[in-house]
Amino acid sequence: MAKITMTVNGRQVSGQCDDRTLLVHFIRENLGLTGTHVGCDTSQCGACVVHMDGRSIKSCSTLAAQAAGADITTIEGLAANGELHPVQAAFKANHGLQCGFCTPGMVMTAVDMIRRHGGQLDEATVRAELEGNICRCTGYHNIVKSILAAAAEMGGARVAAE
Amino acid sequence: MYETNYHRASSIEDAVKLRQAAGEGKYLSGGMTLIPTMKQRLAAPTDLVDVRQIQDMKGIRVTGRTVRIGAATSHFDVASSAELAAVCPAITGLASHIGDPHVRHMGTIGGSIANNDPAADYPSAMLALDATIVTDRREIAAGDFFTGLFETALEDGELVTAITFEAPAKAGYQKFANPASRYAMTGVFVVRRDNGDIRVAVTGAGSSGVFRHKGMEAALAGNWSPDALAGVTVDASDLLSDIHADAGYRANLVKVMAKRAVAAA
Ligand SMILES: Cc1cc2nc3c(=O)[nH]c(=O)nc-3n(C[C@H](O)[C@H](O)[C@H](O)COP(=O)(O)OP(=O)(O)OC[C@H]3O[C@@H](n4cnc5c(N)ncnc54)[C@H](O)[C@@H]3O)c2cc1C
Ligand code: FES
Ligand code: FES
């Protein structure tokens, strides 16, 4: 048992857990943030994706102890002041989900992808970047559409702000 | 996962000391191989010594054509290094096709070569580039480092701290990715140096891991072009056969990937 401290969605949090506790279980069970899902548990599906120090990672394949001291963002940390993040809004507008199980991971992956590629995202890049995220429902088509729509909207917003 | 004790090392010396003090300990870098293996209970180290945040083991340095990559440098950082792409785009391209973005954000070059998975990408680059593997106690030539399936020349407790190599005149890497895992079903890294030296290293195909193909090296020494490989035979008897591809299929892939790698170099 160890006491672990990290920043989650801008708030400093601590919890007691085993050294072997996975980050996803720390987030779901210690912190009660159940938006981050466990899909495959074999590092393949990406339902568990969160951001650690600004980069997308699979929280099912990372120990909570490895994340001690880090800055974590989960799906709950995206919407500011009760307003959906542009990526969340685009998934809603473009019907980018069916059952929704993969969606938190897809959205966190999309936010990371858009941050890295900005306005240069095209369909082929989005599909290649989704390599680590599996959806059993949608056939991906509307997920890709949602991400492209969000990238256009966010890229546009950035240009407008400059 | 069985119980384990986690330690975060602050320096190379600290890591080696922590590892020595541990019973059946292991180094932990990106964890992208070790944590899934522990979850499946295929590994049960008593202690984990986390080396991912050791500053002396991170980052890329290019001095002239000499390249040094810290062992704890992530695949993403290798893939996105403009400095490295300027002298050896084949290795940044290789890193950009390992697994998926999340794996590339955590997984490290040191972890990949220490693990020496027969289907991993980096071992072929290390062998073809004639890289030197730097550890806490010595330097090992890549040709002596990869000794078999998941086997390396590393001693118990020996820590890989960096890899170094001279950027060659030309280098290319092409892999036929397993459609599910993205590991190399066959990958070929080719290198040509200004003095005429040629190296062809094959991953994903050999039944004892990464290997050099001397027949292809000889053919390319006479004529550096994809066509030069047309007449070379690839012996299937030492190649892997599994549910993904049998040895004969892999033998053909070795040739096709080598041709593409030369074309891309
Ligand atoms: C979904 C998925 C897809 C993947 N696809 C690919 C792919 O396409 N191609 C590919 O090549 N790989 C692939 N990988 C593996 C990935 O590249 C791993 O990052 C890599 O193999 C191990 O690096 P790591 O830093 O994560 O090491 P860890 O998992 O932390 O460690 C691996 C082993 O190396 C030892 N070790 C780690 N660092 C050191 C060190 N500095 N000195 C000595 N020993 C050390 C550890 O003790 C352990 O035994 C994939 C992994 C996943 C989960
Ligand atoms: S639950 Fe983490 S990758 Fe599937
Ligand atoms: S919407 Fe059901 S798994 Fe993707």
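Parameters and conventions
Residues numbered from 1 in each chain as written. Chains lettered and ligands numbered in written order. Predicted model: local features only at pLDDT ≥ 70, side-chain atom pairs only at ≥ 80, totals over all residues. Heavy atoms only, no water. Near = heavy atom within 4 Å. Polar contact = N/O pair within 3.5 Å; in protein donor to acceptor, adjacent residues only side chain to side chain. Areas by Shrake-Rupley, 256 points an atom, 1.4 Å probe, with all protein chains shown as cover. Helix = DSSP H or I, 4+ residues; strand = E, 2+ residues; numbered from the N terminus. Nonpolar A, V, L, I, M, F, W, Y, C, P; charged D, E, K, R; others polar. Domains from an automatic or database assignment. Pairing = 2+ DSSP bridges. Axes fitted to C-alpha atoms, helices over the stretch in contact; angles between N-to-C directions. Buried < 20%, exposed > 50% of the residue type's maximum accessible area, 1.4 Å probe, protein only. Contact = heavy atoms within 4.5 Å. Buried area = accessible area lost by both parts, 1.4 Å probe. Salt bridge = Lys/Arg side-chain N within 4 Å of Asp/Glu carboxyl O.

Colleague: Which parts of the structure should I look at to understand the site of ligand 1?
Modeller: The environment of ligand 1 is made up of 31 residues, and the closest members are Tyr27(B), Leu34(B), Thr108(B), Asp121(B) and Arg182(B). With respect to ligand 1, its neighbouring residues span chains A and B. Gly30(B) places a main-chain nitrogen or oxygen 2.8 Å from an oxygen atom of ligand 1. The contact in question runs from a nitrogen atom of ligand 1 to an N or O atom on the side chain of Asp121(B), over 2.7 Å. Taken by itself ligand 1 offers 970 Å² of open surface, and the protein chains cover 95% of this. Counting residues per element, the ones that place at least two in the shell around ligand 1 are strand 2 (25-28) and helix 7 (109-115) of chain B. At 4 residues, helix 7 of chain B tops the list of elements feeding residues into the shell around ligand 1. For the shell around ligand 1, a count of residues per class yields 13 nonpolar, 13 polar and 5 charged. Domain assignment of the residues forming the shell around ligand 1 places at least three in each of domain 1 (1-167) and domain 2 (170-264) of chain B.

Colleague: In this structure, what is going on with the sheet that holds strand 5 (residues 71-73) of chain A? I would like to understand it.
Modeller: The pairing of strands in a sheet comes from backbone hydrogen bonds and takes either a parallel or an antiparallel form. Residues and elements named next belong to chain A. Read from one edge to the other, the open sheet built from 5 strands follows the order 2-1-5-3-4, with strand pairing classed as mixed. Looking at strand neighbours, the two that pair on one side only are strand 2 (11-17) and strand 4 (55-58), the edges of this open sheet. Taking each pair of neighbouring strands and ignoring which way they run, the sheet shows an average axis angle of 40°. Sheet topology places strand 3 (residues 49-52) next to strand 4; 4 bridges connect them, and they run antiparallel. Within strand 4, the position partnered with Val50 by the bridge is Ile57.

Colleague: Teacher, can you tell me more about the pairing of strand 10 (residues 160-166) of chain B here?
Modeller: The side chains of a regular strand alternate, residue by residue, between the two faces of the sheet. Residues and elements named next belong to chain B. Across the 7 residues that make up strand 10, a large majority, 5, are buried. Across 5 bridges, strand 5 (residues 66-70) lies against strand 10 in antiparallel orientation. In the sheet register, Thr66 faces strand 10, and the bridge partner there is Glu166. Relative to strand 10, strand 6 (residues 132-135) is paired through 4 bridges, and the arrangement is antiparallel. Paired with Thr132 across the strands is Thr164, a residue of strand 10.

Colleague: Honestly, the interface of chain B and chain A in this entry has me stumped. Any pointers?
Modeller: One widely used convention gives an interface's size as the accessible area the parts lose upon coming together. Taken together, the contact pairs 31 residues of chain B with 27 residues of chain A. Of the roughly 2,300 Å² buried where chain B meets chain A, counting both sides, 55% is carbon and sulfur surface. When the buried area of chain B at its contact with chain A is split by residue, Lys39(B), His102(B) and His105(B) rank highest and sum to 28% of it. Along the contact surface separating chain B from chain A lie 4 salt bridges. Between Glu131(A) and Arg182(B) there is a salt bridge, with its nearest N and O atoms 3.1 Å apart. Joining chain B to chain A, the criterion identifies 13 residue pairs in polar contact (both at pLDDT 80 or more). Elements with a contribution of two residues or more to the side of chain B that touches chain A: strand 1 (5-8), helix 2 (34-39), strand 3 (47-50), helix 3 (75-79) and helix 6 (101-106) of chain B. At 5 residues, helix 6 of chain B tops the list of elements feeding residues into the side of chain B that touches chain A. Tallied by class, residues from the side of chain B that touches chain A come to 13 nonpolar, 10 polar and 8 charged.

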